[in-house]
Amino acid sequence: MYLIGNIALILGIVISLYALIANIIGLKRKDERWLESARGGVLSLAFVASISAFLLFYILGTSQFQFQYVASYTNNELPIIYKLAAFWAGNAGSLLLWTFLLSIYTAIIVLNKKKQNKMIPYVSSILLTNILFFYIVMVLNANPFEMTDTIPLDGKGLNPMLQNPGMVLHPVTLYMGYVGLAVPFAYAIAALIMKRMDAEWIKLTRRWTLTAWLFLTLGNMIGGWWAYLELGWGGYWAWDPVENASFLPWLTVSAFLHSMMIQERKNMLKTWNLSLIILSYILTLFGTFLVRSGILTSVHSFGDSNLGSYFLIFMAFMMLFAIYVVATRYQLIKSDSKPIESYFSKESSFLLNNFILITATFAVFFGTMYPLISETITGTKVNVGAPYFNKVMAPIMLVLLLLMAICPLISWQKAVFDRFIRNTLIPLFAAIVFAIILVLMGIKGIYAIIGLTVTVFMFNVHLAEIWRGTRARQKATKEGFIKALFRLTRKNQRRYGGYIVHIGIAIIAVGVISSNAYSEEVMKTVGQGESFQVGHYELTFKELTEIEKNGNGIVTANMDVNYKGKRNGTIHPEKIFYGTWPEPSSEVAIKTNLTEDLYVVLSSWESKEKATFVIKINPFVSWIWAGGILMVIGTAIALIGGKTSAAFRIGSRQRGVRA
Amino acid sequence: MTKNKKIVFGLSLVAAAIMIMFFSTMPSAGSKEIAIEELLNNKDSFKDEYVMTQGLLIEDSVQWNADKIELRFEIVEDGRDRILPVIYNGVKPDNFSEDVIVIVEGFLNEKGEFEAERVQTKCPSKYEGEDPENYDPEMHQNRNKTNED
């Protein structure tokens, strides 16, 4: 087993190196046979990487503690699903996961007969460079198949915090996003090398980019959800360097998803799009470097891994390479770019949206790096935490929401101002009515009210757009409303998928704004039978019980809940003491209704009759998860639908209908 | 001037405005990272300044007053002997045991005690080799937040 594992890794290096060289020779000599051989190399590489991956799953699943990785992250008692999920619990395994995904992606690209073109050898070379890098790091620094000196009877076990469904999903989804971004990057560079300045690379990689973005969204959402359920501080996002690292590429790809449409249709913004995709790719490497090098003070313990330096070197190499390629072709890119025709057009509104998203990227980047920047300049490390990010990001996000409200109404080229005003009026009016109702209800907090109003405005605009489209179709086809709505979406999935994503964002915004502005927290020590009030809830501490389960001791507090004077069941926060892990952990109890979460943590106790609780009322948090699901659905609709050309045709026809 | 240039010009103005916003927010929202030794040696200069410092927990010093929800403990810099007493109006983190690294943020008061607004812990060695990238929420596992907003 040890042999197979290590041979597979060495083979990985050999094959990727060979395929890379075969590609280069093939391209130099214009020799199909070499290129064909490189393709074979890529396929066998995918095979070898799959063997490594399956092997790691196998030794984890069968608890072969002679392997260091297995012994470090699992033990006998661990449920099988977490034994397998321990695949990505450590450095070595996550590198293997990355390599595996990358080699599968490369194989898909090389295999896809329909999309064969001259770019492929370049694309595969760039991806192979990536794969080679990961293999080298694995062999030199983090080998998942390393043996232990003496075979332990049992492993160390998986950190209890990781024994959550989030662990099964979150890392994989995030990685699929990260890895996916290498593909559009490779196409972009390939197009540049070949001096092909059209939007071909964008069209070919639209689905890759969108899929990567989908997984980044999903990964971040699941991460937040997991943190909220597991960590007991009542929040879902803390602006920690590690979180920011995965948020940054999300922002730049979001910008790219919009600006690439302009290049597709108008052949504008070429340099910009290239820079965005290069930046997104570099940010995935940068994020990995950041979290593995330990240069920033985070609550994480990073261990003494020097993986960071590998990533820094590779990142610098790829960045210089990309800059070199762009710089040498700059005149070419420049020569057939078109200028913007009108200020008031979709083009310029997308440009503005890009600008805001990049500003957000920069703000997050700046805050994350500020400790290092300030140390370099003044000698003192200044950490900026959540207050900075909240303060800076709130207005940026507000502008972004406002843009999202306005932009769908602005048409391509030169928009008609009258129609824009007409279409804005009702949604805006409804949003203002909403704001007035909020104020009348006695809701405080001017910023939150502004934020919510803009969100509602944005939501209304999208509903109205969908409604108008459906009505227009109904008029033309005499279909029923539902049928017309369905057909309309079906015919133009990119546009309406996008709208659904925006609506999802609106719903998330409601959750984020409300939970930031209106959450309540109470810390309370109470005796048995004692009641206390939090928000609309009245909690009564009944008793503390202790049970033994699977070798873990579980202390549970039983509490009765009254909501607005009515009995509303019970709630049971727990504290778990693990047999195989030194620290206990708090198991949060959450009671969700449509508008708020009751979030209770059992903190400590003096005796069976007296315990301390932390109770939070988090308004609208469940909306965040609902909005996330909607975003995923919308992205999926945009993803499966619409060839570029078809979308273009229908898009123009629809404008005709509306006009 | 072409429209492109005008747009670029306009956007750069906005960018400049936003940059100013960043920098003006920074000092008020940041916390200086100061070593315990330095903090105690320059008590006066750090008065009324929001600072962040870290040290190892001395478990025997932990006093928990459940009724007042007040936590008192002492931390010491690794390899040094200056001790920093900390007061925190909040609950005890889950792994508050000997030699855990405690990160505190707050103010040094006149009596030389540190009034913490945030207390976080991390384990020096137990998670070694684990991959933070994979489970970013894990970093908060010991985080005890009371002043998130």
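Note that the coordinates shown come from a computational prediction; the quantities given were computed from them, not determined experimentally.

Chemist: Could you give me a rundown of the overall build of chain B, with the residues and numbers involved?
Modeler: Within chain B, the secondary structure is distributed over two helices and six strands. In sequence order, chain B lays out its α and β elements as α-β-α-β-β-β-β-β. Among the 149 residues that make up chain B, the fraction classed as buried is 53%. Of all intrachain contacts in chain B linking residues separated by at least 6 positions in sequence, the fraction that spans at least 24 positions is 48%. A total of about 6,900 Å² of accessible surface is found on chain B, and carbon and sulfur atoms cover 48% of it.

Chemist: So what's going on with the packing of aromatic side chains? Residues and values would help.
Modeler: All names here are of chain A. By the definition in use, this model includes 38 aromatic pairs over all chains. Arranged with centres 6.3 Å apart and planes meeting at 90°, the rings of Tyr-236 and Trp-625 form a pair that is edge-to-face. With a gap of 389 residues between them, Tyr-236 in the loop between helix H9 (200–230) and helix H10 (241–266) and Trp-625 in helix H20 (residues 621–640) connect regions that are remote in the sequence. A residue is classified by how much of its surface remains accessible, and Tyr-236, at 14% relative accessible area, is buried. Ring geometry for Tyr-496 and Tyr-499: centres 5.4 Å apart, planes at 85°, overall edge-to-face. With Tyr-496 and Tyr-499 both in helix H19 (residues 493–517), this residue pair falls three residues apart, about one helical turn.

Chemist: Account for unusual backbone geometry, naming residues and giving values.
Modeler: Residue and element names in this part refer to chain A. Of note in the backbone geometry, Ser-63 takes a positive phi value of approximately 50° without being a glycine. Judged by its relative accessible area of 13%, Ser-63 is buried. Residue Lys-195 is not a glycine yet carries a positive backbone phi of 60°. When you line up the elements, Lys-195 lands in the loop between helix H8 (182–193) and H9.

Chemist: A description of helix H18 (residues 481–491) of chain A should follow, citing residues and the corresponding values.
Modeler: Because an α-helix packs 3.6 residues into every turn, residues spaced three or four apart end up facing the same way. Residues and elements named next belong to chain A. Turning to H18, its buried residues number three or more, namely Ala-484, Leu-488 and Thr-489. Axial view of H18: buried residues confined to an arc of 130°, hence all on one face. In H18, the exposed positions that point more than 90 degrees away from the buried face belong to Ile-482, Phe-486 and Arg-490.

Chemist: How would you explain helix H5 (residues 91–111) of chain A if you had to name every residue and give the values?
Modeler: Under the 1.5 Å per step criterion, the end-to-end length of H5(A) is 30 Å for 21 residues, consistent within 8% with the ideal 30 Å. Where burial is concerned, most of H5(A) is hidden: 17 out of the 21 residues are buried.

Chemist: Give me the pairing of strand E3 (residues 70–76) of chain B: which residues, what numbers.
Modeler: Residues and elements named next belong to chain B. Judged by how many residues are buried, E3 sits mostly within the fold: five of seven residues are covered. Where strand E2 (residues 51–65) folds back onto E3 in an antiparallel hairpin, the turn is made up of four residues, including Ile-69, whose phi is positive at roughly 50°. As judged from the six bridges shared by E3 and strand E4 (residues 83–88), these two strands associate in the antiparallel manner. By the bridge assignment, Val-76 is partnered in E4 with Ile-83.

Chemist: I'd like to hear about the pattern of salt bridges, residue by residue, with values.
Modeler: Should their charged atoms come close, side chains of opposite charge can pair. With the rule as written, the count across this model stands at 17 salt bridges over all chains. Residue Arg196(A) pairs with Glu200(A) through a salt bridge whose shortest N-O separation is 3.8 Å. With a shortest N-O distance of 3.5 Å, Lys542(A) and Asp560(A) are connected by a salt bridge. One end of the pair, Lys542(A), is in strand E4 (residues 537–549); the other, Asp560(A), is in strand E5 (residues 552–563), with 18 residues separating them in the sequence. One continuous salt-bridge network, built from bridges that share partners, spans Glu70(B), Arg72(B), Lys111(B) and Glu113(B).

Chemist: Give me the packing of helix H15 (residues 386–406) of chain A against helix H17 (residues 446–477) of chain A: which residues, what numbers.
Modeler: Residue and element names in this part refer to chain A. Remark: H15 packs on H17, axes separated minimally by 8 Å, with the N-to-C direction vectors making an angle of 25°. Comparing the axis directions of H15 and H17 gives the class roughly parallel. The two elements H15 and H17 cross, and the hand of that crossing is left-handed. Contact residues: H15 offers Leu-398, Leu-401, Leu-402, Met-404 and Ala-405, while H17 offers Ile-450, Gly-451, Val-454, Thr-455, Phe-457, Met-458, Val-461 and His-462. Of the residues that constitute the contact of H15 with H17, the class distribution is ten nonpolar, three polar and no charged.

Analysis parameters
- Residues numbered from 1 in each chain as written.
- Chains lettered and ligands numbered in written order.
- Predicted model: local features only at pLDDT ≥ 70, side-chain atom pairs only at ≥ 80, totals over all residues.
- Heavy atoms only, no water.
- Helix = DSSP H or I, 4+ residues; strand = E, 2+ residues; numbered from the N terminus.
- Buried < 20%, exposed > 50% of the residue type's maximum accessible area, 1.4 Å probe, protein only.
- Contact = heavy atoms within 4.5 Å.
- Areas by Shrake-Rupley, 256 points an atom, 1.4 Å probe, with all protein chains shown as cover.
- Phe/Tyr/Trp six-rings, centres within 6.5 Å; stacked < 30°, edge-to-face > 60°.
- Arc of directions from axis to C-beta.
- Expected span 1.5 Å × (residues − 1).
- Pairing = 2+ DSSP bridges.
- Salt bridge = Lys/Arg side-chain N within 4 Å of Asp/Glu carboxyl O.
- Axes fitted to C-alpha atoms, helices over the stretch in contact; angles between N-to-C directions.
- Parallel < 35°, antiparallel > 145°, perpendicular 65-115°, else oblique.
- Left-handed = near helix turned anticlockwise from the far one by under 90°.
- Nonpolar A, V, L, I, M, F, W, Y, C, P; charged D, E, K, R; others polar.

By themselves these figures say nothing about function.
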